[in-house]
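Take a look at the letters that make up each chain.
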Amino acid sequence: PSPYQIDIAPLRKTGYVETFRGCPIHCAFCQWGEQKSDRVHSTEYLVRHLEGLRRSEALNVFFLDAAFNLSPRAFRALVAAEAQVGALKDTVVHGHLYPTYLKEEHLTFFEGLRQVQASVGIQSFDEDVLRRLGRPFDVERFKTVLQLMRGRLDVDIELIFGLPGDNPVSFRRTLEMALELGNSVKIFRCLVLPDALIERSAALSIDFDPRTFELRSAEGWSPADLEREWEAVYRLAERARDPILNDDWVGFVIDSPEARARGAPASRQPDVVMGPDEPALVVEEA
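The rules behind the values
Think of each chain on its own: its residues are numbered from 1, step by step along the sequence as written. pLDDT decides what is reported in this predicted model: residues at 70 or higher carry local features, side-chain atom pairs at 80 or more are listed and counted, and totals for whole chains, interfaces and linings draw on all residues regardless. Water and hydrogen atoms play no part in the side-chain values, which are based on all heavy atoms of the structure. Secondary structure counts use DSSP, requiring at least four H or I residues in a row for a helix and at least two E residues in a row for a strand, with both numbered from the N terminus. The classification of residues rests on relative accessible area computed with a 1.4 Å probe and restricted to protein chains. Under 20% of the type maximum is buried, over 50% is exposed, and intermediate values are partly exposed. In this analysis, two residues are considered to be in contact whenever any of their non-hydrogen atoms come within 4.5 Å of each other. When two rings of Phe, Tyr or Trp (its six-membered ring) have centres within 6.5 Å they constitute a pair, described as stacked for plane angles under 30 degrees, edge-to-face for angles over 60, and tilted for the intermediate range. Strand pairing is assigned whenever DSSP identifies at least 2 bridges connecting the two strands. Fitted lines through C-alpha atoms serve as axes, helices being fitted only where they are in contact, and the angles separating the N-to-C directions of these axes extend from 0 to 180 degrees.

Draft legend 1. Examining the overall build of the protein more closely. Each helix and strand counted, the protein has eight helices and 12 strands in total. For the protein, the proportion of its 286 residues judged to be buried stands at 52%. When contacts within the protein are restricted to residue pairs at least 6 apart in sequence, those whose partners lie at least 24 apart make up 67%.

Structure below.
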């Protein structure tokens with residue numbers, strides 16, 4: 001049983017739900033590795049879990065699944081369980097979506113909840129980089145799907161900084177596109193993990209810290225590139241609205257005219273923009 005089912009989870013904290021384990025997509029940078037997504041919780045199990053979650057008076061709920069929509073069987077079980085319990089309808093739900101597989105049934109379910117913050121792990125908008133790392137991605141398809149999501153979900157775009165095969169110029173283009181398309185963005189420094197990039201470290205010229213697993217250099221990135229560009233990313237986040245600042249990842253709300261047109265609240269903070277001819281990312285007054 002989960003801690004919620006036997007009432008040992010902490011009260012009035014963030015709650016957690018897992019509907020399935022593993023992932024059907026085997027991206028080289030992800031530690032899910034080759035784990036299949038065939039371990040799926042039943043409707044009955046999720047009913048007991050959601051009932052316990054409600055008893056814990058969770059303030060918000062985070063889904064641990066690789067994505068809401070990467071296991072159709074798990075999603076059907078979740079919908080059926082929530083229809084019986086109603087534990088999620090009055091809370092803020094956080095989780096990941098994989099845009100290629102987004103369907104109307106997912107959006108219909110989310111609209112029955114108070115608020116959904118959907119993280120989309122794009123990692124990069126460079127299709128060649130993603131293809132080499134086992135993550136085929138169609139940018140135009142994503143833009144089409146985003147039209148379905150706008151106004152119905154808060155879209156949080158996640159990027160990986162320093163992916164092998166990427167480079168500073170390509171990453172800046174990725175970040176520019178994220179600033180145009182999302183409501184918020186999170187940028188994570190690349191880690192070289194077991195069952196993931198460690199297995200390809202020689203082929204991708206990867207050097208990493210064996211204690212922290214942090215990338216030190218790789219194909220497309222020199223140590224100087226990583227240091228200079230991360231400093232620029234950190235400075236960008238620092239001056240944006242509602243920044244989250246850490247040594248290994250940063251996040252912020254996108255406060256641009258495009259974001260405001262999509263319904264994001266206005267702010268007196270400067271807009272986040274990138275100068276196309278600048279050597280690093282900059283923030284300029286709107």
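Draft legend 2. Looking closely at the packing of aromatic side chains. Summed over all chains, the structure comprises 11 aromatic pairs. Ring centres of Phe161 and Phe171 lie 5.3 Å apart, and the angle between their planes is 85°; this geometry places the pair in the edge-to-face category. Of this pair, Phe161 sits in strand β7 (residues 154–161) while Phe171 sits in helix α6 (residues 168–181), placing them 10 residues apart in sequence.

Draft legend 3. Seen up close, the sheet that holds strand β4 (residues 60–63). Read from one edge of the open sheet, eight strands run β1-β4-β5-β6-β7-β8-β12-β11, paired in mixed fashion. Only two strands of the sheet have a single neighbouring strand rather than two, namely β1 (15–17) and β11 (241–245). Across the sheet, the mean angle separating the axes of adjacent strands is 20° when strand polarity is ignored. Direction of pairing for strand β6 (residues 115–123) relative to β7: parallel, over a ladder of six bridges. Bridge pairing in β7 places Gly121 opposite Glu158. On top of the sheet, helix α1 (residues 43–55) reaches β1 and β4; it is set at about 175° to β1, its chief contact.

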